[in-house]
Amino acid sequence: MKVFNLRCEREHHFEGWFPSLEESERQLANHMTRCPVCDSADLTRVPSAPRLNISSGTPAQLATASPQSVWLRALRELIQNTEDVGPRFAEEARRIHYGEVAERAIRGVASERERIELHEEGIEVIAVPVPPIAKEPLQ
Ligand SMILES: [Zn+2]
């Protein structure tokens, strides 16, 4: 199992797991792999030393678990790179939008109504369902 760092046209970074280098090139060339964040198929392999992933299951398990694992990994990175403001999400998003506080990436909880209100104020937020397993730290 080879792990490659991939980047989509919108600069989302994530890892793609492939049975082999040849298979990764075939899948990328045929747009069979997609960005877990924006679903773009326009992916670039970021130069880095491929490593063998032997820590989490057999190759067969990894192969079937791959799309979900890639998604989980992207979620975990998102979680690691954002500040958790919990239920104050809508309030913090507004303060950032109106320049009251320094701009930063935040995550938190917002009700459907709060999301609609933010949208009407021109503040774009992304709703992502986060399974509990994604909150475990990156290995
Ligand atoms: Zn993307």
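Calculation rules
Residues numbered from 1 in each chain as written. Predicted model: local features only at pLDDT ≥ 70, side-chain atom pairs only at ≥ 80, totals over all residues. Helix = DSSP H or I, 4+ residues; strand = E, 2+ residues; numbered from the N terminus. Buried ≥ 20, exposed ≤ 12 C-beta atoms within 10 Å, placed from the backbone. Contact = placed C-beta atoms within 7 Å. Pairing = 2+ DSSP bridges. Core = buried A, V, L, I, M, F, W, Y, C linked by C-beta atoms within 7 Å.

Undergrad: Even after reading the chapter, I still don't get the overall build of the protein, so can you show me in this structure?
TA: Across its full length, the protein holds four helices and five strands. Secondary structure elements of the protein, listed N to C terminal, follow the sequence β-β-α-β-α-β-α-β-α. Here the protein, with 139 residues, has 12% of them falling under the buried criterion. Here the analysis covers contacts within the protein between residues at least 6 apart in sequence; of these, 52% occur between residues at least 24 apart.

Undergrad: What should I look at first to understand the pairing of strand 2 (residues 13-18) in this one?
TA: Regular strands place side chains that alternate from one sheet face to the opposite one. As defined by bridge partners, strand 1 (residues 2-8) adjoins strand 2 across six bridges and the pair is classed as antiparallel. Residue pairing across strands places V3 opposite W17, the latter belonging to strand 2. Two successive antiparallel strands, strand 1 and strand 2, enclose a turn made up of four residues, where E11 displays a positive phi of approximately 70°.

Undergrad: In this structure, what is going on with the environment of F18? I would like to understand it.
TA: Relative to the helices and strands, F18 resides in strand 2. Distance in space between the C-alpha atoms of F18 and V3 is 6.4 Å, their sequence separation being 15 residues. Setting aside chain neighbours within four positions, we find F18 in contact with K2, F4, E23, S24 and Q27.

Undergrad: What should I look at first to understand helix 4 (residues 112-120) in this one?
TA: Side chains of residues three or four places apart in an α-helix project in the same direction, reflecting 3.6 residues per turn. Where burial is concerned, little of helix 4 is hidden: zero out of the nine residues are buried. Phi turns positive one or two residues past the end of helix 4, at G122, with a value near 85°.

Undergrad: Got a minute to help me understand the environment of T82 in this structure?
TA: Mapped onto the fold, T82 is located in the loop between helix 2 (59-80) and strand 4 (83-86). Linking T82 and G108, residues 26 residues apart in sequence, is a C-alpha distance of 9.4 Å. Once residues within four sequence positions are removed from consideration, T82 is found in contact with A105, I106 and R107.

Undergrad: Before we go on, may I ask you to explain the environment of T44 in this structure?
TA: Counting through the fold element by element, T44 comes out in strand 3 (residues 43-52). A count of 11 C-beta atoms within 10 Å places T44 in the exposed class. Spatially, the C-alpha atom of T44 lies 10.0 Å from that of A29, the residues being 15 residues apart in sequence. Excluding its chain neighbours within four sequence positions, the residues that come into contact with T44 are L6 and R7.

Undergrad: Is there a simple way to think about the nonpolar core in this case?
TA: One recurring pattern in soluble globular proteins: nonpolar side chains tend to sit buried together. Counting nine residues, the largest nonpolar core consists of F4, L6, C8, F14, W17, F18, C35, L43 and V70. Of all the secondary structure elements, the ones that give two or more residues to this core are strand 1 and strand 2.

Undergrad: Before we go on, may I ask you to explain unusual backbone geometry in this structure?
TA: The phi angle of most residues is negative, glycine excepted, and most peptide bonds adopt the trans form. With a phi angle near 70°, E11 is a residue other than glycine that sits in the positive phi range. Looking at the secondary structure, you find E11 in the loop between strand 1 and strand 2. Residue D39 is not a glycine yet carries a positive backbone phi of 70°. Inspection of the secondary structure puts D39 in the loop between helix 1 (21-29) and strand 3.

So yeah, pure geometry; function would need other evidence.
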